Amino acid sequence: MKILITGVHGFVGNNLVEALKRDNIIYGLDIVSPLKDGVRFTFSWDYLDKSNKIPEVDAIIHLAGKAHDTKNQTVADVYFKVNTGLTQKIFDWFLAQPKCKKFVFFSTAKAAADKVDGILTEDVVPTPVGPYGESKIAAEKYIQEHMPTDKQVYIFRPCMIHGPGNKGNLNLLYNMVRKGIPWPLGAFENRRTFTSVENICFAVNGVLTKDVPSGIYNMGDDEALSTNELIEEICKSLGKKAHILKLPKGMMTRFAKLGGWLHLPLNSDRLQKLTENYVSSNEKIKKALGVERMPVDARAGLKRTLESFR
C-alpha cells in the first residue's frame, strides 16, 4: 500500500514507520522534513493546497496534533487550530482522493471522558474537559458529520501511549525513581489502562489490511495497572527496591496545587493523570481484528519502554 502519515516524525509516527515500511510505500506530512529511513518523502502541510503535488495514496494515518500540555501553558486556540483545524484539512483532502479508501484518525481517550467510573467503552456520551479533549472531540464530530459511504474511516481513542523513545510522564517517573526519590502517592489506589505502541502498530496494520467496519475504537493494553504497580515495575528495571510512601491524600493534593503555581514537576493535572482510575475496554477493536488478546501484554510493553530509558 501507499500510505501517507501526518506527524510522521513524532513518537508514534516513528514506530509506525518501522512497523509498516517493509511492506508499504510511506510518505510523510509534517512541519519538519528530515530524511528518514522508510519514508519516501515528507511533504509540508501547504502541499495539500497544491494540485497533484502529493502522490496518490491508498490510506492516510493522521497523527499530527497538539499533545496535552500538563503544565497548562498552551492557550486553547492552539489546540483547536491544530487538533481540529488540521484534522478538517487532511480529512477534506482524503475525501477528494478517489483512490484513497482508508483513513485512521488518532484522537484520545480524553475526548470521550476526563474521568471514568467503571470501564470506558465506545458508546459513552463524550464529556471532555478542557481544550485538549474538546478540540479532539470537535475533530471527531467533523469526521462523523462528513463520513463517506464508499470508504473506511477509523477513529482511535488511545489511553496513555508508551514505548521506546517515549518522552512523557513515564520518563518523569523513571527519572524520579532512578534518583532514589520515594514515591509519595502510594495512598492513591487506582487502576489505569496504558497503551503499548506495539499494540498501536498491530491495530493500525490490522485495519489497513483487513475489512474492518468504520467507527470509533478504544485503544489500550489488555490489563490495567495501578500507578503503584508501575513504580514497582520501574524499580525492577533498575534493580532497586520500591519505596512507596502513603502520605495523606489531602496533603498531596494541596502540594500539587502549589506545584502548579510554582511550575514544579507535580501539579494538579499530573497528579490526576498519575492517580486517577481510568480503565478503557479494548474488546471492540480485538473483536474487529479477530483476536482474543493484543500481541503485547501491559507489563511486557512497559518493560520494553523502561529498558529504553537506560
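Here, every reference points to the structure presented above.
Below is a summary of the structure that appears in this document.

## Some thoughts on the pattern of salt bridges
Here comes step 1: Enumeration according to the criterion identifies 19 salt bridges in this entry.
Here comes step 2: Where salt bridges share partners, they join R191, E229, E233, K236 and R299 into one cluster.

## Quick word on the sheet that holds strand β9 (residues 192–196)
The strands making up a sheet associate through backbone hydrogen bonding, with each pair oriented either parallel or antiparallel.
Here comes step 1: One open sheet holds the three strands; their spatial order is β8-β9-β11, and the pairing between them is mixed. Of all the strands in the sheet, the pair left with one neighbour each is β8 (160–162) and β11 (224–225).
Here comes step 2: In this structure, β8 lies alongside β9, joined through three bridges in parallel fashion. Paired with H162 across the bridge in β9 is S196.

## Quick word on the pairing of strand β5 (residues 102–106)
Each regular strand shows side chains that alternate between the opposite faces of the sheet.
Here comes step 1: With five of five residues buried, β5 lies mostly within the body of the structure.
Here comes step 2: Residue alternation in β5 divides its side chains into two sets, K102, V104 and F106 and F103 and F105, and both sets are buried.
Here comes step 3: In this structure, strand β4 (residues 59–62) lies alongside β5, joined through four bridges in parallel fashion. Across the sheet, the residue bridging to H62 is F105, located in β5.
Here comes step 4: Bridging between β5 and strand β7 (residues 152–158) involves five bridges; their strand directions are parallel. Opposite F106, over in β7, you have F156 as the bridge partner.

What counts as what
- Residues numbered from 1 in each chain as written.
- Predicted model: local features only at pLDDT ≥ 70, side-chain atom pairs only at ≥ 80, totals over all residues.
- Heavy atoms only, no water.
- Salt bridge = Lys/Arg side-chain N within 4 Å of Asp/Glu carboxyl O.
- Pairing = 2+ DSSP bridges.
- Helix = DSSP H or I, 4+ residues; strand = E, 2+ residues; numbered from the N terminus.
- Buried < 20%, exposed > 50% of the residue type's maximum accessible area, 1.4 Å probe, protein only.

Read these as spatial facts, not as claims about activity.
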